[in-house]
Amino acid sequence: MKGTDWQIYDDAGRRKYLNEAERIRFLKAADREPADIKALCYLLCMTGCRISEALSLRRDQLDTDLHRVTFRTLKRRKTSYRSLPIPASLTAMLIETKSVDSALLWVMHRSTAWRHVKRIAENANICGPMATCKGCRHGFGIKAASASVPGNLIQKWLGHATQTTTAIYIDAVGLEERRFAKRIWE
């Protein structure tokens, strides 16, 4: 993905992000999974982190008092970290996550995690390009933009190097465009 080359639709015109209804179904399906997989799915949806960022998350990067998580941003040449708030319920899930490694929250290959997410999406009757780890990430960006979160904060939370990348989510929402169109419909 280079700058503005990324689009919210694939070559066939299908959405690449989970919409709100799909996100709810996905998390309900995740509720039926073992605690560690459930926590991973919630982390992806509630932070917009990349799957590799989630899998490299260490226990010492979880601030249980302030309900914050700190990710090492992986798409940068220079080591960079970003911290973002998470719900108290997610903090509790992450604390309960058991792993064979005392430092890492999960010890699994990213393709294994990807398969879990894909299976859970299928269980939630979600299919297409949005039924992926990236679909959760993009869904978070769209949800944040829909909630009128400032662009610079979305950029920080998603770990984007430039505002240009983040602007895609803001443009995708098009709340202002919808308001103008609504004037015509009335």
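Keep in mind the model is a prediction, meaning the values are calculated, not measured.

Caption draft 1: Examining the packing of aromatic side chains more closely. The final tally for this structure, using the stated rule, is 1 aromatic pair. Where phenylalanine 140 meets tryptophan 157, the ring centres are 6.2 Å apart and the plane angle is 50 degrees; that geometry is what we call tilted. Of this pair, phenylalanine 140 sits in helix α6 (residues 133-146) while tryptophan 157 sits in helix α7 (residues 151-158), and the two are 17 residues apart along the sequence. Residue placement shows arginine 15 over the ring face of tyrosine 17; its charged tip is 5.3 Å from the ring centre.

Caption draft 2: A look at the nonpolar core. Ranked by internal contacts, the top residues of the largest apolar core, which has 51 residues, are Phe26, Leu43, Leu44, Leu94 and Trp106. It is helix α2 (residues 35-47) that contributes the most residues to this core, 9 residues altogether. Once you skip the residues sitting within four places of it in the chain, leucine 44 turns out to touch Cys49, Arg50, Ile51, Ala54, Val117, Cys133 and Cys136.

Caption draft 3: Here's a closer look at α2. For α2, spanning 13 residues, the distance from its first C-alpha to its last is 18 Å, which sits close to the expected 18 Å at 1.5 Å a residue. Most of α2 is tucked away, with 10 of its 13 residues classed as buried. Taken together, the buried positions of α2 are Ile37, Ala39, Leu40, Cys41, Tyr42, Leu43, Leu44, Cys45, Met46 and Thr47. At the exit of α2 stands glycine 48, carrying a positive phi of roughly 70 degrees.

Caption draft 4: Local environment of the pattern of salt bridges. Counted by the stated rule, this structure contains 9 salt bridges. In this structure, lysine 38 and aspartate 31 form a salt bridge, with 3.7 Å as the shortest nitrogen-oxygen distance. Each of Glu20, Arg23 and Lys143 takes part in one network of salt bridges that share partners.

Caption draft 5: Structural context of the packing of α2 against helix α5 (residues 110-123). Interaxial distance between α2 and α5 falls to 11 Å at its minimum, and their mutual angle equals 85 degrees. When the interaxial angle is binned, α2 and α5 end up roughly perpendicular. Where α2 abuts α5, its residues Ile37, Leu40, Cys41 and Leu44 lie against Ala113, His116, Val117 and Ile120. Per-class residue counts for the contact of α2 with α5 are 7 nonpolar, 1 polar and no charged.

Caption draft 6: Geometry of α5. Given a rise of 1.5 Å per residue, 14 residues ought to cover 20 Å, and the 20 Å separating the end C-alpha atoms of α5 matches this to within 8%. Every buried residue of α5 is accounted for by Ala113, Val117, Ile120 and Ala121. Taken end-on, α5 shows its buried residues confined to a sector of 105 degrees, consistent with a single buried face. Each element contacted by the buried residues of α5 is listed here: α1 (20-30), α2, α3 (51-55) and α6. Directly after α5, the chain includes asparagine 125, whose backbone phi takes a positive value near 60 degrees.

Caption draft 7: Examining the side chain of aspartate 10 more closely. Following the sequence through the fold, aspartate 10 ends up in the segment before α1. Of note is the side chain of aspartate 10, whose polar atom sits 2.7 Å from the side chain of arginine 14. Not counting chain neighbours up to four residues away, the residues in contact with aspartate 10 comprise Lys16 and Pro129.

Caption draft 8: Highlighting the pairing of strand β2 (residues 68-73). The side-chain alternation of β2 yields one buried face, formed by Val69, Phe71 and Thr73, and one unburied face, formed by Arg68, Thr70 and Arg72. Between strand β1 (residues 62-63) and β2, which pair antiparallel one after the other, the connecting turn spans 4 residues, and histidine 67 there sits at a positive phi close to 55 degrees. As paired strands, β2 and strand β3 (residues 80-85) are joined by 6 bridges and run antiparallel to one another. Bridge assignment links valine 69 to a residue of β3, and that residue is leucine 84. Between β2 and β3, which pair antiparallel in sequence order, lie 6 residues.

What counts, and where the lines are drawn
Residues numbered from 1 in each chain as written. Predicted model: local features only at pLDDT ≥ 70, side-chain atom pairs only at ≥ 80, totals over all residues. Heavy atoms only, no water. Phe/Tyr/Trp six-rings, centres within 6.5 Å; stacked < 30°, edge-to-face > 60°. Helix = DSSP H or I, 4+ residues; strand = E, 2+ residues; numbered from the N terminus. Lys NZ or Arg CZ within 6 Å of the ring centre and 35° of its normal. Core = buried A, V, L, I, M, F, W, Y, C linked by side-chain atoms within 4.5 Å. Buried < 20%, exposed > 50% of the residue type's maximum accessible area, 1.4 Å probe, protein only. Contact = heavy atoms within 4.5 Å. Expected span 1.5 Å × (residues − 1). Salt bridge = Lys/Arg side-chain N within 4 Å of Asp/Glu carboxyl O. Axes fitted to C-alpha atoms, helices over the stretch in contact; angles between N-to-C directions. Parallel < 35°, antiparallel > 145°, perpendicular 65-115°, else oblique. Nonpolar A, V, L, I, M, F, W, Y, C, P; charged D, E, K, R; others polar. Arc of directions from axis to C-beta. Polar contact = N/O pair within 3.5 Å; in protein donor to acceptor, adjacent residues only side chain to side chain. Pairing = 2+ DSSP bridges.

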